[in-house]
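What the coordinates show
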Amino acid sequence: MTPVTDHASSANAAVPDPAVMREQYRSTPLLETDLAPTPMEQFARWFHAAITAGLHEPNAMVVSTATPDGRPSSRTVLLKEYDSRGFVFYTNYGSRKGREIGANPYVSLLFPWHPIARQVVVTGTASRIGRDETVAYFRSRPHGSQLGAWASEQSSVIASRDELLTRYEELAARYPEGEQVPAPPEWGGLRVVPETVEYWQGHENRLHDRLRYTTGADGAWTVERLSP
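Notes on the structure in this doc start here.

The rules behind the values
- Residues numbered from 1 in each chain as written.
- Predicted model: local features only at pLDDT ≥ 70, side-chain atom pairs only at ≥ 80, totals over all residues.
- Heavy atoms only, no water.
- Pairing = 2+ DSSP bridges.
- Helix = DSSP H or I, 4+ residues; strand = E, 2+ residues; numbered from the N terminus.
- Core = buried A, V, L, I, M, F, W, Y, C linked by side-chain atoms within 4.5 Å.
- Buried < 20%, exposed > 50% of the residue type's maximum accessible area, 1.4 Å probe, protein only.
- Contact = heavy atoms within 4.5 Å.

What follows concerns the pairing of strand E8 (residues 209–215). Two strands pair when backbone bridges link them, and strand E7 (residues 187–201) and E8 are joined in this way by 6 bridges, in the antiparallel orientation. Looking at the pairing, Val-197 lines up with Tyr-213 of E8. Remark: 5 residues form the turn of the hairpin made by E8 and strand E9 (residues 221–225), two consecutive strands paired antiparallel; Gly-219 in that turn has positive phi of roughly 85 degrees.

Below, the structure is given as structure tokens:
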């Protein structure tokens, strides 16, 4: 008699137990005296270090939003600009994150730079950037990405992938390569103005460094150390 094999059980038995998966981070301590005067200057330092380390898409960040009644959602997007005013990314304003930000501007950003045992966690408020700035960035995008922004009604339900491809092909015929594509009216940039920015450096035995910039009513930044 051939024994009956529970394929699901066999597959599960081969999967490592996440409870025993861990890394021992070996890093240089992050001290208060090491930090730049402002969180955005510090971000420039760490972002440059992430690029130098060869991280794949170091500008990838997790954006978390919430409905007015506190139901959260998260997704990964690409940072496209940062300066003293904050962090900018682009999206369809009718997407889930766009709608949630429209109703509740409080957001969180997470840069998960695992290969160098670093994270940056931002909390703040998001708002739309100027239309001229959006159009200028849109024109810098590859032609296919411009068409994709029109083809996708982001976060809406569609019947099939074929439906999406058909929309794209129709747009490609309407706006062939070399012809200027107008920026969609419901697509544009969002700037996150930080209220807190935490710099996390991993160390052995969970003795991580967590230094957080916070801003007061006068706009001045102070730094506090958090227990890991």
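As a further point, take the nonpolar core. By size, the foremost hydrophobic cluster in this structure holds 30 residues, and its most contacted members are Phe-43, Trp-113 and Val-120. Elements with a contribution of two residues or more to this core: helix H2 (39–52), strand E1 (60–66), strand E4 (86–92), strand E5 (106–113), strand E6 (118–128), E7 and E8. It is H2 that contributes the most residues to this core, 5 residues altogether. The residues contacting Trp-113, other than those within four sequence positions of it, are Phe-43, Trp-46, Phe-47, Ala-50, Leu-55, Pro-58, Arg-118 and Val-120. The next biggest cluster of nonpolar side chains, apart from the first, holds 13 residues, and it includes Tyr-90, Leu-147, Ala-151 and Val-181.

Our next topic: the side chain of Ser-73. Mapping Ser-73 onto the fold places it in strand E2 (residues 72–78). Of the residues examined, Ser-73 reaches a relative accessible area of 9% and is grouped as buried. Apart from the residues lying within four places of it in its own chain, the contact partners of Ser-73 are Val-63, Ser-64, Thr-65, Arg-96 and Glu-100.

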